[in-house]
Amino acid sequence: MPSHAHPSPDHHPSSPALRAESPDPSPDHRPSPPAPRAESPDPEHPHPDPLHRERSHLASSRAALRAMREDAEALNIADVTANWVNAEVLQGEIDARIKALADLSHTPLFFGRLDYLHAPGIDLAEGAAGENFYIGRRHVHDADGDPMVIDWRAPVSQPFYRASKKDPMDLKLRRRFGYTGGELTAYEDEHLADPEEAALTSRLLQSEIERPRVGPMRDIVATIQPEQDEIVRAGIGGSVCVQGAPGTGKTAVGLHRVAYLLYAHRERLARSGTLVIGPNRSFLHYIEQVLPALGELEVKQATVDDLVGHVEVRGTDEAAAATVKGDARMAEVLRRAVRSHITLPQEPCVVVRGSRRWRVPAYELEEIVRELMAREIRYGAARDALPQRIAHAVLVRMEQAGEAPDDRVQDAVARNAAVKAAVKAVWPPVDPAKLVLRLLGDADFLAEQADGILTPDEQKTILWVKPARSAKSAKWSAADAVLIDEAMDLVARTHSLGHVVLDEAQDLSPMQYRAVGRRCSTGSATILGDIAQGTTPWATNTWQEALAHLGKPDSAVEELTQGFRVPREVIAYASRLLPAIAPDLTEATSIRESAGDFEVRTVAADELDAAVLSACEEALTKEGSIGLIAAEARIPTLRAALEAAGVHCLAPGEETSAESRLTLVPATLAKGLEYDYVVLDEPAAIVDGEPDERTGLRRLYVCLTRPVSGLTVVHAAGLPEQLAGDAG
Ligand SMILES: Nc1ncnc2c1ncn2[C@@H]1O[C@H](COP(=O)(O)OP(=O)(O)OP(=O)(O)O)[C@@H](O)[C@H]1O
């Protein structure tokens, strides 16, 4: 919610009337009068001032939330649990509930109110009757169990996000609330059924978007836009892919979608689990508080590397090797390599039981093996099935000989040493890491498995120059870990979650998409990304390709183009790179009203560091966070320059605070993050830091699109030609 609302409708004739308690409250953290205590409103004589009435409802709702929390704290589980395991589980659930019921002083309990023309029905409104509803982050009910605040995810809340003059969705009134430092200080009304009232832009929404950023990412629950809401509330059955320019709210939408799905399908997802996948730790750290603020504490977060972290990654690949290792054809190579362990039986299997010998001839064993090979089951599952199949063949013989063996006999035969030996010879266990070790270390083995799939050159590219001795001592790379993960899945099916959100998806290799895809093979996925921000050599060119590798080829691809972060002039400048980096994409619009500060400073090479420093010092005189973004190679120099000048700097992902607002960001870690002011050091060095020009320009595009309020580019070397020209 806005930390300040500027209730000055006069300056904004196109805005809905914004009411506040005083005609001209100064922005930001103005000391507010204390909120009224909960009082029982007298329905006969409502207070004449609507703001007073709303504050009174806020106070009662807070009191009700407090009571809900106290109830949860007072629960005595000793009476209901017979053993300590149950007690632990239950206490854990209660603790989580207590946490979720915390009244966070800076997150308003409700941010909207809907007055319907007709009562929508209590089934849609979390049990609330009537026509009027307060919409907030969580459900709050009074002592009688009657809802006072309705969860934003409830069906009855949907018109808060979607209703328009064109389609009022049975709303008479939509009211948005403005808060200052946790106090309700303003409201804004739209009378959707009134044809006289023009459709207007919301001041509260504008002020929320223009709000300076400090600290980690926050939720956008009060201001989700209609096109975003469609994605947030899309059904759980299908997967959705969102292509969106920088700052269009992809990450925000993905996180709110998880929160929505958890509300709408709580039990199902509690069983199957949800996961948010981001590009790196600092990004995950930046977003980690959004879901807890929405009351969702159970969503796991990981990078793709975490998912496939079966081995310790200590090595790196050249781009060429990583590209081949990440190619989808490697899946076929691995499949072949796993199956190459199967040998068709040459010997019969002879089982001795008591005085009798039962013989299953080789040709019959071969039939069993061929039948299992033809079935699309995992290598390990087939291996587990094989002893029973052989035992069955033995049992058939026993029956033919007039015996009447039962299931126990079959189990005993399956465990017989001769059967075990036959299985081991025909279908031996496969260790995935050892398999990949062999593929990358043994040229002949690789040649055999990759024949007709990878060219001899490609095989040479991925072969280790010095083969590792063991899976433990190998210097595995990130791409190798993905290969091992694929091999593991060939042996035993990977557990699938109920829903996976994949952010910055454009950067994944086909093999990485497969790794993510098998983690939602029976669930659904939300895939978020921007082709123009793809900075890996294997970044995807089209979403169709990516979705096919993920195993979700039929997902809907939606596009978001309305930018909430980057000021107009800055996005226009950055978009000069689009023809070179992603010619098919359209430029994002900026819905921010302020044009933003934007400057390009050209300095002599020996003045660069000082010029960057002074740009940072200037930015520090303003409000909000500052990101100094530079090529990896420039980071040590800049850090030393900042330290020498006594300017403290943070690392990406470290939380900014009022005292420490400057983050020194290597260009490679800038993705997904945002800062109020960005000082961009030497664009040419950022481009040169990448293996090829297109990737370099894409990296630069990512860096240029991080600012919320202003950008200062400082350079001594020439700018990339695409950016040259009049900056303003
Ligand atoms: N409806 C909204 N109301 C208010 N703020 C919003 C809204 N949508 C997005 N934002 C804000 O805009 C900023 C950019 O959003 P987000 O990081 O989700 O964009 P993105 O598309 O993931 O960007 P990138 O491609 O650069 O990673 C964030 O500060 C987010 O909170």
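Residues numbered from 1 in each chain as written. Predicted model: local features only at pLDDT ≥ 70, side-chain atom pairs only at ≥ 80, totals over all residues. Heavy atoms only, no water.

Caption draft 1: Spotlight on the overall build of the protein. Each helix and strand in the protein was counted, giving 28 helices and 22 strands. Its C-alpha atoms give the protein principal-axis dimensions of roughly 100 × 75 × 45 Å. Residues counted as buried form 53% of the 728 residues belonging to the protein. Within the protein, contacts between residues separated by at least 24 positions form 74% of all contacts whose residues are at least 6 apart in sequence. Accessible surface, the protein: about 32,500 Å² in total, of which carbon and sulfur atoms supply 51%. Separation of charge centres in the protein, based on 79 positive and 109 negative side chains, amounts to 7 Å. (Helix = DSSP H or I, 4+ residues; strand = E, 2+ residues; numbered from the N terminus. Buried < 20%, exposed > 50% of the residue type's maximum accessible area, 1.4 Å probe, protein only. Contact = heavy atoms within 4.5 Å. Areas by Shrake-Rupley, 256 points an atom, 1.4 Å probe, with all protein chains shown as cover. Lys, Arg positive; Asp, Glu negative; His and termini not counted. Charge placed at Lys NZ, Arg CZ, Asp CG, Glu CD.)

Caption draft 2: Quick look at unusual backbone geometry. A positive phi angle, close to 50 degrees, is found at Met169, a residue other than glycine. Its location among the elements puts Met169 in the loop between α3 (158-162) and β6 (171-180). Assessed through its relative accessible area of 26%, Met169 is described here as partly exposed. Positioned with a positive phi, Glu682 is a non-glycine residue whose angle comes to about 40 degrees. Considering the arrangement of structural elements, one finds Glu682 in the loop between β21 (675-681) and α27 (683-688).

Caption draft 3: Region of interest: the UniProt feature "binding site: ATP" (unreviewed entry) in the protein. Taking the UniProt record as the reference, the feature "binding site: ATP" (unreviewed entry) is found at Gly244, Ala245, Pro246, Gly247, Thr248, Gly249, Lys250 and Thr251. Beyond its immediate chain neighbours, meaning those up to four positions away, Ala245 contacts Lys250, Asp530, Gln533, Leu560 and Ala588. Assignment of secondary structure puts Thr251 in helix α6 (residues 250-264). Beyond its immediate stretch of four places on either side in the chain, Thr251 contacts Met217, Phe283, Ile287, Asp503 and Leu528. (UniProt positions renumbered as here; feature names shortened; annotations may be inferred.)

Caption draft 4: Geometry of the sheet that holds strand β18 (residues 597-602). Read from one edge of the open sheet, five strands run β18-β22-β21-β19-β20, paired in parallel fashion. Strands with a single pairing partner mark the edges of an open sheet, and in this sheet they are β18 and β20 (662-666). In this sheet, neighbouring strand axes are inclined to one another by 20 degrees on average, regardless of whether the strands run parallel or antiparallel. In the packing of helix α26 (residues 635-644) onto the sheet, the strands contacted are β19 (626-630), β20 and β21, and the crossing angle to β20 comes to about 165 degrees. (Pairing = 2+ DSSP bridges. Axes fitted to C-alpha atoms, helices over the stretch in contact; angles between N-to-C directions.)

Caption draft 5: Region of the structure containing the pattern of salt bridges. Across all of its chains, the model carries 39 salt bridges by this definition. Residue Arg370 pairs with Glu366 through a salt bridge whose shortest N-O separation is 3.0 Å. With Arg370 and Glu366 both in helix α13 (residues 362-374) and four residues apart, the pair spans about one turn of that helix. With relative accessibility at 44%, the residue Arg370 sits in the partly exposed group. By relative accessible area, Glu366 is classed as partly exposed at 25%. For Arg518, the salt bridge identified is with Asp485, shortest N-O distance 2.8 Å. (Salt bridge = Lys/Arg side-chain N within 4 Å of Asp/Glu carboxyl O.)

Caption draft 6: Inspection of helix α25 (residues 608-620) at higher detail. Between its first and last C-alpha atoms α25 spans 18 Å; for 13 residues at 1.5 Å apiece the expected length is 18 Å, and the two agree. Among the residues of α25, Leu608, Ala611, Val612, Leu613, Ala615, Cys616 and Ala619 are the ones counted as buried. Of the surrounding secondary structure, the elements contacted by the buried residues of α25 are β18, β19, α26, β20, β21 and β22 (707-715). (Expected span 1.5 Å × (residues − 1).)

Caption draft 7: A look at the packing of helix α14 (residues 379-400) against helix α15 (residues 407-414). Where α14 meets α15, the closest approach of the two axes is 8 Å, and the angle between their N-to-C directions is 125 degrees. Considering the angle they form, α14 stands oblique to α15. In terms of crossing hand, the pair formed by α14 and α15 is right-handed. Contact residues: Pro387, Gln388, Ala391, His392, Val394, Leu395 and Met398 in α14; Val409, Gln410, Asp411, Val413 and Ala414 in α15. Looking at the contact of α14 with α15 residue by residue, the classes come out as eight nonpolar, three polar and one charged. (Parallel < 35°, antiparallel > 145°, perpendicular 65-115°, else oblique. Left-handed = near helix turned anticlockwise from the far one by under 90°. Nonpolar A, V, L, I, M, F, W, Y, C, P; charged D, E, K, R; others polar.)

Caption draft 8: Looking closely at the environment of Asp142. Position of Asp142 among the secondary structure elements: in the loop between β4 (140-141) and β5 (147-151). Given the relative accessible area of 23%, Asp142 is considered partly exposed. Separated by 79 residues in the primary sequence, Asp142 and Ala63 place their C-alpha atoms 8.7 Å from one another. Separated by 2.8 Å, the side chain of Asp142 and the backbone nitrogen of Asp146 make a polar contact. (Polar contact = N/O pair within 3.5 Å; in protein donor to acceptor, adjacent residues only side chain to side chain.)

Caption draft 9: Geometry of the domain arrangement of the protein. Per the domain assignment, the segments of the protein are domain 1 (9-211), domain 2 (227-341 + 430-564), domain 3 (349-426) and domain 4 (568-715). With 15 residues of domain 1 in contact, the opposing surface of domain 2 contributes 15 residues. In this assembly, domain 1 packs against domain 2 so that about 1,300 Å² is buried in total across both faces, 58% of it on carbon and sulfur atoms. Summed over the three residues of domain 1 that lose the most area to domain 2, namely Trp152, Arg153 and Arg162, the buried surface amounts to 50% of that side. For Arg162, the salt bridge identified is with Asp229, shortest N-O distance 2.7 Å. Here domain 1 is connected to domain 2 by seven residue pairs in polar contact (both at pLDDT 80 or more). Residue assignment for the side of domain 1 that touches domain 2 shows that the elements contributing at least two residues are α2 (84-100) and α3. (Domains from an automatic or database assignment. Buried area = accessible area lost by both parts, 1.4 Å probe.)

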